Amino acid sequence: MTYSRRNSADEQQEACQKARQITAICEQFQITLDPIDWQQFGMWAPVKVNTIEIASLLDLGQRNSDDILRQVQIKLLAHAALEAFHARPSLKVLMWSPVDVVQPQAFLSFWIITLETDVRIPIIESIRNGQRVYEHYQFDGADGQQLARLFGPVNEGEYHLGDTVTIKEREHQYTGEIIYIIPPGKVFTSRKSASRGYHTIAGTAYTNDVASRYLVDCNDGFPHIVHQSQVIQ
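Residues numbered from 1 in each chain as written. Predicted model: local features only at pLDDT ≥ 70, side-chain atom pairs only at ≥ 80, totals over all residues. Heavy atoms only, no water.

1. A closer look at the layout of surface pockets
Its boundaries defined by the atoms lining it, the second largest pocket holds a volume of some 300 Å³. Lining the second largest pocket are 16 residues, with Asn50, Leu76, Arg132, Val133 and Tyr134 positioned closest to its centre. Counting residues per element, the ones that place at least two in the lining of the second largest pocket are helix H4 (65–84) and strand E6 (131–136). Top contributing element to the lining of the second largest pocket by residue count: E6, with six residues. In terms of residue class, the lining of the second largest pocket is built from eight nonpolar, five polar and three charged. (1 Å grid on protein atoms, 1.4 Å probe; cavity = no way out; pocket = protein on both sides within 12 Å on 5 of 7 lines; lining within 4 Å. Points joined across faces, edges and corners; volume = space filled by probe spheres on them. Helix = DSSP H or I, 4+ residues; strand = E, 2+ residues; numbered from the N terminus. Nonpolar A, V, L, I, M, F, W, Y, C, P; charged D, E, K, R; others polar.)

2. Quick notes on the nonpolar core
In this structure, Ile31, Leu33, Leu57, Trp96, Ile113 and Ile123 are the most contacted members of the largest nonpolar core, which totals 40 residues. Contributing elements (two or more residues each) for this core: helix H1 (9–28), strand E1 (46–49), strand E2 (52–56), helix H3 (57–60), H4, strand E3 (93–98), strand E4 (109–115) and strand E5 (120–128). In terms of residue count, the dominant contributor to this core is H4 (nine residues). The residues contacting Leu33, other than those within four sequence positions of it, are Ile22, Thr23, Cys26, Val47, Lys48 and Val49. Counting residues in each nonpolar core, the second largest holds 15 residues, with Val101, Leu150, Phe151 and Ile182 among its members. (Core = buried A, V, L, I, M, F, W, Y, C linked by side-chain atoms within 4.5 Å. Buried < 20%, exposed > 50% of the residue type's maximum accessible area, 1.4 Å probe, protein only. Contact = heavy atoms within 4.5 Å.)

3. What about the pairing of strand E11 (residues 213–217)?
In terms of burial, E11 is largely enclosed, as four of its five residues are buried. Where strand E8 (residues 172–182) lies against E11, five bridges are found, and the strand directions are antiparallel. Across the sheet, residue Glu177 finds its bridge partner in E11, namely Asp217. The pairing of E11 with strand E12 (residues 224–227) spans four bridges and is antiparallel. Opposite Tyr214, over in E12, you have Val226 as the bridge partner. Here E11 folds back onto E12, and the loop between the two strands holds six residues, one of which, Asn219, carries a positive phi near 60°. (Pairing = 2+ DSSP bridges.)

4. Concerning the confidence of the model for the chain
Summary statistics for the chain give a mean pLDDT of 88 and a share of 86% for residues scoring 70 or more. Across residues 193–208, confidence stays below pLDDT 50; counting only partners more than four residues off in sequence or on other chains, it has 31 contacts. (pLDDT = per-residue confidence, 0-100.)

Put into structure tokens, the structure is as follows:
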């Protein structure tokens with residue numbers, strides 16, 4: 001069906017059904033949507049959470065439940081990061097990177113949100129009062145107990161705590177100080193902004209890299225988590 005902004009009777013009926021369907025899906029994920037004004041806007045009605053626009057009813061109506069959750073996460077993680085940074089309204093998020101932390105934790109997931117200024121902001125996703133919430137994680141790189149809670153006991157590696165190293169992440173190089181060493185682990189993919197919506201870009205696999213990983217503080221927010229093979233100096 002082709003949707004015009006004239007909001008025909010047929011479109012209103014479908015919009016009503018889609019609004020109910022998406023609302024129910026979000027409730028299963030413990031996300032409460034704002035009322036969807038399908039009566040006025042039809043399939044073009046904006047879907048919002050706490051006034052934060054996620055997408056149009058038309059967009060979300062074409063997605064499965066997992067994709068709807070991901071779209072909500074992307075928008076609410078970005079909003080939490082920009083709010084924590086007191087960013088100007090026009091500032092954009094470039095990347096959403098899940099962080100592999102030890103379990104169990106008091107939160108569902110841990111993310112690094114990278115802004116277009118290259119600032120890296122830690123955001124956690126939690127359940128509070130039966131609802132998903134997204135908020136800034138108060139990280140302290142000098143707190144060894146906090147680092148151990150997130151990444152387990154400090155490990156040993158070819159490089160040492162306090163060493164200054166240059167690292168390579170994708171097409172960029174950064175220089176900073178190693179503040180923690182953790183055991184080998186998997187590398188997640190990251191979500192990166194695109195001209196239309198979002199797409200997933202593959203991180204480097206490092207499936208054969210059994211060496212330690214390093215937290216390198218490059219003075220750009222949350223430390224970079226890199227494999228030994230990414231240390232170039």
